[in-house]
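For reference, the chains in residue letters:
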There are 2 protein chains.
Amino acid sequence: MQKQQYLTKNQQIVLDLVEKSSEPLKAYTILFNVQKKGIKAPLQVYRALDKLVEIGKIHKIESRNAFIACHNSSCQVAKATAFSICEICEKVTEISSAGLSKYLANFKDKDGMKYSKYNLEFFGLCKKCR
Amino acid sequence: MQKQQYLTKNQQIVLDLVEKSSEPLKAYTILFNVQKKGIKAPLQVYRALDKLVEIGKIHKIESRNAFIACHNSSCQVAKATAFSICEICEKVTEISSAGLSKYLANFKDKDGMKYSKYNLEFFGLCKKCR
DNA sequence: TTTCTAATGTTATATTATTACATAATGTTA
DNA sequence: TAACATTATGTAATAATATAACATTAGAAA
């Protein structure tokens with residue numbers, strides 16, 4: 001097999017669910033919701049999630065152990081992600097700011113090291129919760 | 001009780017261990033290493049960690065579920081953290097860049113929202129692993 | 001067709017984190 | 001000091017998150 005061209009059945013089932021959701025979903029919430037589609041075990045979910053993250057279709061919100069669909073058409077690979085997270089209602093929004101991504105992509109540390117990947121999570125209160 | 005002034009026994013034991021470590025430690029690794037000091041249960045470790053994170057003495061590396069001592073004297077509160085993580089050797093370094101922290105502290109999203117807190121994790125290869 | 005690789009299915013288990021409840025220690029207020 | 005409030009502790013049980021191991025299947029390439 002060369003590079004996988006289409007999503008597999010399990011990957012598509014998981015992606016459909018995550019895309020329909022307005023909030024980040026946890027792995028076991030996903031599992032519960034796809035059991036009627038024939039996915040029975042955690043590992044089947046985690047494997048689909050791993051692949052979907054790898055190809056940039058979804059992102060993991062690390063501080064929440066939850067997964068959200070990518071809403072940034074330019075994320076073909078999961079390598080530069082930024083989110084805002086409301087500390088009250090837990091609403092999560094993907095930030096797409098050209099300025100921010102440019103700044104971070106070019107950021108060099110003291111040793112002049114540049115990075116191939118980053119994940120940024122901002123916390124605060126969303127409009128509604130303020 | 002007012003604001004706690006000194007660390008408690010368990011907090012100090014956990015902090016000592018994390019500060020001595022050259023790499024991020026996982027909660028159960030900490031537990032294993034402090035059992036000789038009388039800490040017996042996971043919860044005792046997690047409670048100490050929670051407090052230490054809250055007061056900024058340590059930080060959690062979210063993508064690794066591990067804890068590292070703060071090496072940035074200005075981190076009195078855990079509200080603005082940035083790390084570089086080597087994807088091969090897993091070395092983690094806290095980044096302290098005035099430029100970066102200023103940029104992120106002032107970052108506003110499309111709605112003009114500013115954030116009270118952020119966590120940024122950069123990934124790449126460290127000097128040794130390149 | 002044979003081979004290679006990726007995906008699947010399944011069971012079991014490892015790892016990470018919290019709930020619940022009882023007790024002790026310390027600070028606050030009357 | 002007594003009564004109280006708050007924070008920390010100890011302990012057992014369990015919940016939530018994630019992976020290992022192994023057998024099988026499916027599709028693409030040689």
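Residues numbered from 1 in each chain as written. Chains lettered and ligands numbered in written order. Predicted model: local features only at pLDDT ≥ 70, side-chain atom pairs only at ≥ 80, totals over all residues. Heavy atoms only, no water.

1. A look at the overall build of chain A
Along its length, chain A carries four helices and five strands. Going residue by residue from the N terminus, the α and β elements of chain A occur as α-α-α-β-β-β-β-α-β. With the principal axes as the frame, chain A shows a C-alpha extent of 50 × 45 × 25 Å. Split into buried and exposed, the 130 residues of chain A put 42% on the buried side. For chain A, the accessible area works out to roughly 7,900 Å², and carbon and sulfur atoms hold 51% of it. (Helix = DSSP H or I, 4+ residues; strand = E, 2+ residues; numbered from the N terminus. Buried < 20%, exposed > 50% of the residue type's maximum accessible area, 1.4 Å probe, protein only. Areas by Shrake-Rupley, 256 points an atom, 1.4 Å probe, with all protein chains shown as cover.)

2. Looking at the interface of chain A and chain B
Of the residues lining the interface, 29 residues belong to chain A; the matching set on chain B comes to 29 residues. Carbon and sulfur atoms supply 64% of the area buried between chain A and chain B, which totals about 2,500 Å² over both sides. Applying the counting criterion to the chain A and chain B interface returns two salt bridges. Residues Glu87 of chain B and Lys117 of chain A are paired through a salt bridge, measuring 3.2 Å at the closest nitrogen-oxygen approach. At the junction of chain A and chain B, the tally comes to 12 residue pairs in polar contact (both at pLDDT 80 or more). Only α4 (98–105) and β5 (117–124) of chain A provide two or more residues apiece to the side of chain A that touches chain B. Of the residues forming the side of chain A that touches chain B, the biggest block, eight residues, is contributed by β5 of chain A. Per-class residue counts for the side of chain A that touches chain B are 13 nonpolar, eight polar and eight charged. Both β5 of chain A and strand β5 (residues 117–124) of chain B contribute to a ladder of seven bridges, which runs antiparallel. Looking at β5 of chain B, one finds that Phe123 of chain A is bridged to Lys117 of chain B. (Contact = heavy atoms within 4.5 Å. Buried area = accessible area lost by both parts, 1.4 Å probe. Salt bridge = Lys/Arg side-chain N within 4 Å of Asp/Glu carboxyl O. Polar contact = N/O pair within 3.5 Å; in protein donor to acceptor, adjacent residues only side chain to side chain. Nonpolar A, V, L, I, M, F, W, Y, C, P; charged D, E, K, R; others polar. Pairing = 2+ DSSP bridges.)

3. Some details on the relation of the copies chain A and chain B
Under the fitted operation, chain A is carried onto chain B by 0.0 Å of movement along the axis and a turn of 180°, and the coordinates agree to an RMSD of 0.0 Å. On this basis, the relationship between the two copies can be described by a two-fold rotation axis. Relative to the rotation axis, the closest C-alpha in chain A is found at Leu120 of chain A, a distance of 2.2 Å. A symmetric contact is evident, with 100% of the interface residues of chain A recurring at the interface of chain B. (Least-squares fit on C-alpha atoms with pLDDT ≥ 70 in both.)

4. A look at the sheet that holds β5 of chain B
An order of β4(A)-β3(A)-β5(A)-β5(B)-β3(B)-β4(B) is seen for the six strands of this open sheet, with the pairing classed as mixed. Unpaired on one side and paired on the other, β4 (92–94) of chain A together with β4 (92–94) of chain B mark the two borders of the sheet. Here the strands of the sheet are splayed against their neighbours by 20° on average, with no regard to which way each runs. Packed onto the sheet, α4 of chain A meets β3 (80–86) and β5 of chain A together with β5 of chain B and runs at close to 130° relative to β5 of chain A. Packed on one face of the sheet, helix α4 (residues 98–105) of chain B meets β5 of chain A together with β3 (80–86) and β5 of chain B and runs near 130° to β5 of chain B. (Axes fitted to C-alpha atoms, helices over the stretch in contact; angles between N-to-C directions.)

5. Some thoughts on the pairing of strand β1 (residues 58–61) of chain A
Residues and elements named next belong to chain A. With four bridges joining them, β1 and strand β2 (residues 66–69) adopt antiparallel strand pairing. Within the sheet, the bridge partner assigned to Ile61 lies in β2 and is Ala66. The turn joining β1 and β2, which pair antiparallel and follow one another in sequence, is formed by four residues; a positive phi near 50° is taken by Asn65.

6. A few points about the pattern of salt bridges
Residues and elements named next belong to chain A. Scanning the entire structure with this criterion turns up six salt bridges over all chains. For Glu90, the salt bridge is made with Arg64, and the minimal N-O distance between the two is 2.6 Å. Here Glu90, found in the loop between β3 and β4, pairs with Arg64, found in the loop between β1 and β2; they are 26 residues apart in sequence, far enough to count as distant. The class for Glu90 is partly exposed, based on a relative accessible area of 33%.

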